[in-house]
Amino acid sequence: MPKPSIIAIDGPAASGKSTLGHRLADALGYLFFDTGVMYRAVTYIAIRGGVDVNDEAAVTAIANEVLIDVRPPSKADGRACDVIVGLTDITWETRRLAVDANVSVVSTYKGVRAALASQQRRIGLRGRVVMVGRDIGTVVLPEADLKIYLDASAEQRARRRYDEIIARGEEASFDEILAGVRMRDEIDSARAFSPLKIAEDAIVLDSDSLNADEVFLRVEVLCR
Ligand code: DC
């Protein structure tokens, strides 16, 4: 059997999708593409420009106009990829708490999803790609050869986000992060357009009961 060429990894925020996707892409020599960074980039640009993130028309205009370039990492500072807009590297800006707090609302907008999903689909159809997101196996690339849905409890995911922020030397409150994770789950799952859900043909893995190595090994076996 040939190796899967298009691999979709979906699941809730901070379930370990990026860690898995990155490692898998490295092992297979594929492109790693974390689609969440595109929603984050649009959110950051709106906030930077003083645009109200609740103004759907204004945020959608940004998504249609701005060219977001996602490239392999140029620095070994913990980033999975570079996020470039114009000539500016906004990689770490897209990880700010203000972006965390507002990105779910931005990703409910139909026009924003349409603009970003068509760019994602075009890249995905080239193949040899590990694409990570919420709707990759269900909407962006339903023809993906392998679909993984990576799940984990809200507490476990909040703990991971908290540790990441502390490791960067920033301050954070665990309780606030947990509340944020729960709020984003609610918005991501309840939205009208391409909500977070498990594709019928996805393989579900739970990263509460499996550590990162075990998750990776399971998926690697599925790729062989
Ligand atoms: O994976 P993440 O936390 O970086 O994603 C940021 C937000 O983008 C998250 O609230 C859900 C949204 N998103 C989405 O709606 N569809 C995707 N394919 C990827 C992310």
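Anything mentioned here points back to the structure above.
A few points on the structure.

Rules of the game
- Residues numbered from 1 in each chain as written.
- Predicted model: local features only at pLDDT ≥ 70, side-chain atom pairs only at ≥ 80, totals over all residues.
- Heavy atoms only, no water.
- Salt bridge = Lys/Arg side-chain N within 4 Å of Asp/Glu carboxyl O.
- Helix = DSSP H or I, 4+ residues; strand = E, 2+ residues; numbered from the N terminus.
- Buried < 20%, exposed > 50% of the residue type's maximum accessible area, 1.4 Å probe, protein only.
- Core = buried A, V, L, I, M, F, W, Y, C linked by side-chain atoms within 4.5 Å.
- Contact = heavy atoms within 4.5 Å.
- Near = heavy atom within 4 Å.
- Polar contact = N/O pair within 3.5 Å; in protein donor to acceptor, adjacent residues only side chain to side chain.
- Areas by Shrake-Rupley, 256 points an atom, 1.4 Å probe, with all protein chains shown as cover.
- 1 Å grid on protein atoms, 1.4 Å probe; cavity = no way out; pocket = protein on both sides within 12 Å on 5 of 7 lines; lining within 4 Å.
- Sits in = over half its atoms within 2 Å of the grid points.
- Points joined across faces, edges and corners; volume = space filled by probe spheres on them.
- Nonpolar A, V, L, I, M, F, W, Y, C, P; charged D, E, K, R; others polar.
- Pairing = 2+ DSSP bridges.
- Axes fitted to C-alpha atoms, helices over the stretch in contact; angles between N-to-C directions.

This structure, assessed with the given rule, holds 17 salt bridges. Close ionic contact of aspartate 135 with arginine 113 constitutes a salt bridge, the shortest N to O distance being 2.8 Å. Residue aspartate 135 is found in the loop between strand E6 (129–133) and helix H6 (136–140), and its partner arginine 113 is found in helix H5 (residues 110–124); the two are separated by 22 residues along the sequence. Residues aspartate 135 and arginine 113 agree in their burial class; the two are buried. Note that arginine 224 and glutamate 220 form a salt bridge whose closest N and O atoms lie 3.5 Å from each other. Through salt bridges with shared partners, a single network forms among Asp77, Arg79, Asp82 and Asp89.

One broad rule of soluble globular proteins: the nonpolar side chains tend to lie buried together. By size, the foremost hydrophobic cluster in this structure holds 35 residues, and its most contacted members are Val42, Val59, Ile68, Val112, Leu116 and Met131. Of all the elements in the fold, those that place two or more residues in this core are strand E1 (6–10), helix H2 (36–48), helix H3 (56–65), strand E4 (82–85), helix H4 (97–106), H5, E6 and H6. When residues in this core are grouped by element, the largest group, 8 residues, is from H2. Excluding its chain neighbours within four sequence positions, the residues that come into contact with methionine 131 are Ile7, Ala8, Ile9, Phe33, Thr35, Gln120, Ile123, Gly124, Ile136, Val140 and Leu141.

Another point: the site of the ligand. The environment of the ligand is formed by 15 residues, the closest being Arg40, Arg113, Asp135, Arg184 and Arg191. The separation between an oxygen atom of the ligand and a polar side-chain atom of arginine 40 is 2.7 Å. Residue arginine 191 places a side-chain N or O atom 2.9 Å away from an oxygen atom belonging to the ligand. Surface burial for the ligand is 98%, taken as the share of its 450 Å² of free accessible area covered by protein chains. Put simply, the ligand lies in the largest pocket. Elements with a minimum of two residues in the shell around the ligand: H2, H4 and helix H8 (174–190).

Turning to the layout of surface pockets, a few remarks are in order. The volume enclosed by the largest pocket comes to roughly 860 Å³. Looking at the largest pocket, it is lined by 38 residues, and the ones nearest its centre are Ser18, Asp34, Arg95, Arg161 and Glu164. Looking at the lining of the largest pocket, the elements that each hand over two or more residues are helix H1 (17–28), H2, H4, E6, helix H7 (154–167) and H8. Considering only residue class, the lining of the largest pocket consists of 10 nonpolar, 13 polar and 15 charged. A volume near 390 Å³ is recorded for the second largest pocket. Leu31, Phe33, Val70, Arg71 and Ile123 are, among the 21 residues lining the second largest pocket, the residues nearest its centre.

Judged by pairing direction, the sheet is parallel, and its 5 strands sit side by side in the order E2-E6-E1-E7-E8 without closing on themselves. The open sheet is flanked by strand E2 (31–34) and strand E8 (203–206), the only strands paired with a single partner. Strand-to-strand twist across the sheet, computed as the mean angle between neighbouring axes with direction ignored, equals 20 degrees. Relative to strand E7 (residues 146–151), E1 runs parallel, the two sharing 4 bridges. Looking across to E7, one finds that isoleucine 9 is bridged to isoleucine 148. Against the sheet, helix H9 (residues 212–223) engages E1, E7 and E8, with an angle of about 165 degrees to E7.

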